[in-house]
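Examining the three-dimensional arrangement
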Amino acid sequence: MSDYEVRPAEMSDAKAVAEVHAAAARAAYEGILPEAELDALAPVTREAKWREAIEFAEPQVHVATRGGKVVGFVGFDRSRDPKTKSTTGEIWSIYVLPEHWDKGVGVLLWDAARDGLEEEGCTEVTVWVPIRNERALRFHELAAFKRDMKTLKTTAVGSVKIEEIRLKRAV
C-alpha cells in the first residue's frame, strides 16, 4: 500500500505545483543548464501558468500527495505536435520533488495520466524529453516508451538551447 495519493489538481494546488515544478526542474536540469537558467526556474514565474492550466484543464493536471502535501504532478492532454492523429495524447510535464524520487510517485502519476488519456479516447501517447536528462529517459523507457529517433529537436530554455527527443507508446 502506497503512502501517496493521486487526484485531479484543484485551484488551491497551483502554488504547490509551481513549487514542485521549480524544485524538480532545478534538480533534473543541474549540469544541463547553467546556474543562471536554474535560478530562473523560480516558482513565482510558474504559479500563474499552473493556475490557468488547472482552471481550464489545458493540460489536465493531477497531483500526487503524501500527508496532504503535493509532492509531484503530471500534466497531460492531446498532443501539441502538428500533424498528429486526434487519438494521440501527450505527457506535457511530469515532475516529482527530488526527495520523493525512486519511491513510485512517478509511476502513480503516469498511471493517472494514462487512465485520463484512455478516457479521452487516446490510443497512443508521446512525451518530449531532453536527451541529456538520463533519469527522465530511463523512467519513460521503463514505462515502455520507445525513442522516436527521427524527432530530435532543439528547444530554447531561457537563453540556452537543449536537444529533446520524442518518445511514444500505446496507451
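Everything below is about the structure shown above.
The structure displayed is predicted, hence computed values, not measured ones. (Residues numbered from 1 in each chain as written. Predicted model: local features only at pLDDT ≥ 70, side-chain atom pairs only at ≥ 80, totals over all residues. Heavy atoms only, no water.)

**Observations concerning unusual backbone geometry**
- Of note, the amide linkage connecting Glu58 to Pro59 takes the cis form, showing an omega dihedral of 0 degrees.
- Assignment of secondary structure puts Pro59 in the loop between helix H3 (47-56) and strand S2 (60-66).
- Backbone geometry places Lys83, a non-glycine residue, at a positive phi of 65 degrees.
- In this structure, Lys83 sits in the loop between strand S3 (69-78) and strand S4 (88-96). (Helix = DSSP H or I, 4+ residues; strand = E, 2+ residues; numbered from the N terminus.)

**Section: the pattern of salt bridges**
- With the rule as written, the count across this model stands at 12 salt bridges.
- The closest approach of N and O atoms between Asp148 and Arg166, which form a salt bridge, is 3.1 Å. Remark: Arg166 occurs in strand S7 (residues 160-170) and Asp148 occurs in strand S6 (residues 146-157); sequence separation between them is 18 residues. When sorted by exposure, Asp148 lands in the same class as Arg166, which is buried.
- With a closest N to O distance of 3.9 Å, Asp148 and Lys168 form a salt bridge. One end of the pair, Asp148, is in strand S6; the other, Lys168, is in strand S7, and 20 residues separate them in sequence. (Salt bridge = Lys/Arg side-chain N within 4 Å of Asp/Glu carboxyl O. Buried < 20%, exposed > 50% of the residue type's maximum accessible area, 1.4 Å probe, protein only.)

**Let's talk about the pairing of S3**
- When you tally the buried positions in S3, you get eight out of 10 residues, the bulk of the element.
- Here S2 runs beside S3; their pairing, made up of seven bridges, is antiparallel. Each residue of the ladder has a partner; that of Arg66, found in S3, is Lys69.
- Here S2 folds back onto S3, and the loop between the two strands holds two residues, one of which, Gly67, carries a positive phi near 60 degrees.
- As judged from the seven bridges shared by S3 and S4, these two strands associate in the antiparallel manner. Its bridge partner lying in S4, Arg78 is registered against Gly89. (Pairing = 2+ DSSP bridges.)

**Some details on the environment of Glu124**
- Among the structural elements, Glu124 can be located in strand S5 (residues 124-130).
- Each C-alpha atom, one on Glu124 and one on Thr88, is 4.9 Å from the other, the two residues being 36 residues apart in sequence.
- Setting aside residues no more than four positions away along its own chain, Glu124 makes contact with Thr87, Thr88, Gly89, Lys168, Arg169, Ala170 and Val171. (Contact = heavy atoms within 4.5 Å.)

**Some details on the packing of aromatic side chains**
- With the rule as written, the count across this model stands at three aromatic pairs.
- An angle of 65 degrees between the planes, with centres 4.8 Å apart, marks the rings of Trp50 and Phe73 as edge-to-face. Taken together, the positions of Trp50 in helix H3 and Phe73 in strand S3 put the pair 23 residues apart, joining distant regions of the chain.
- Trp50 sits in the buried class, given a relative accessible area of 1%.
- Note on Phe73: relative accessible area 0%, which makes it buried.
- Among the aromatic residues, those joined into a cluster by ring pairs are Trp50, Phe73 and Tyr95. (Phe/Tyr/Trp six-rings, centres within 6.5 Å; stacked < 30°, edge-to-face > 60°.)

**A word on H3**
- Taken together, the buried positions of H3 are occupied by Trp50, Ala53 and Ile54. Down the axis of H3, the buried side of the element spans an arc of 95 degrees, and every buried residue falls inside it. The exposed residues of H3 that point more than 90 degrees off its buried face are Ala48, Glu52, Glu55 and Phe56.
- Those residues of H3 that are buried lie in contact with helix H1 (14-28), S2, S3 and S4. (Arc of directions from axis to C-beta.)

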